[in-house]
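Analysis of the macromolecular model
Each chain is listed here by its residues.
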Amino acid sequence: MNQHLLHGDLCPLCRRPLTLRTTVEVRSNTPYPTRTDTVPHCRYCANDLPNVQRWNDLMNDRYGL
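Applying the stated criterion across every chain, the model contains zero aromatic pairs. We note Arg-16 situated over the ring of Tyr-44; from NZ or CZ to the ring centre the distance is 3.8 Å.

Okay, structure coming up:
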């Protein structure tokens, strides 16, 4: 997946701008992370219990996560 969202990339449900959320930090015996994985995230819909599965399905279709 592209690490940078296009400017103005919107949530498929609420049409608010998406943000990037850190999912995994991989460290290789260093005090600093060597790789950080991020995924598109909507802080409103991703936590809205009635719509979580629908939101996940739409995001998987869009970004192939």
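The biggest cluster of nonpolar side chains holds eight residues, and these are Cys-11, Leu-18, Cys-42, Cys-45, Ala-46, Trp-55, Met-59 and Tyr-63. Beyond its immediate sequence surroundings of up to four residues, Cys-42 is in contact with Cys-11, Cys-14, Leu-18 and Trp-55.

For helix H1 (residues 52-63), with 12 residues, the first-to-last C-alpha span of 16 Å sits near the 16 Å given by 1.5 Å per residue. Residues of H1 that are buried include every one of Trp-55, Met-59 and Tyr-63, and no others. For H1, the buried positions fall inside an angular range of 40° around the axis, keeping them on one side. Among the exposed residues of H1, those oriented more than 90 degrees off its buried face are Gln-53, Arg-54 and Asp-61. Of the residues flanking the end of H1, it is Gly-64, one or two places downstream, whose phi is positive at about 65°.

So, how was this worked out
- Residues numbered from 1 in each chain as written.
- Predicted model: local features only at pLDDT ≥ 70, side-chain atom pairs only at ≥ 80, totals over all residues.
- Heavy atoms only, no water.
- Phe/Tyr/Trp six-rings, centres within 6.5 Å; stacked < 30°, edge-to-face > 60°.
- Lys NZ or Arg CZ within 6 Å of the ring centre and 35° of its normal.
- Core = buried A, V, L, I, M, F, W, Y, C linked by side-chain atoms within 4.5 Å.
- Buried < 20%, exposed > 50% of the residue type's maximum accessible area, 1.4 Å probe, protein only.
- Contact = heavy atoms within 4.5 Å.
- Helix = DSSP H or I, 4+ residues; strand = E, 2+ residues; numbered from the N terminus.
- Expected span 1.5 Å × (residues − 1).
- Arc of directions from axis to C-beta.

As far as function goes, none of this settles anything; it's purely spatial.
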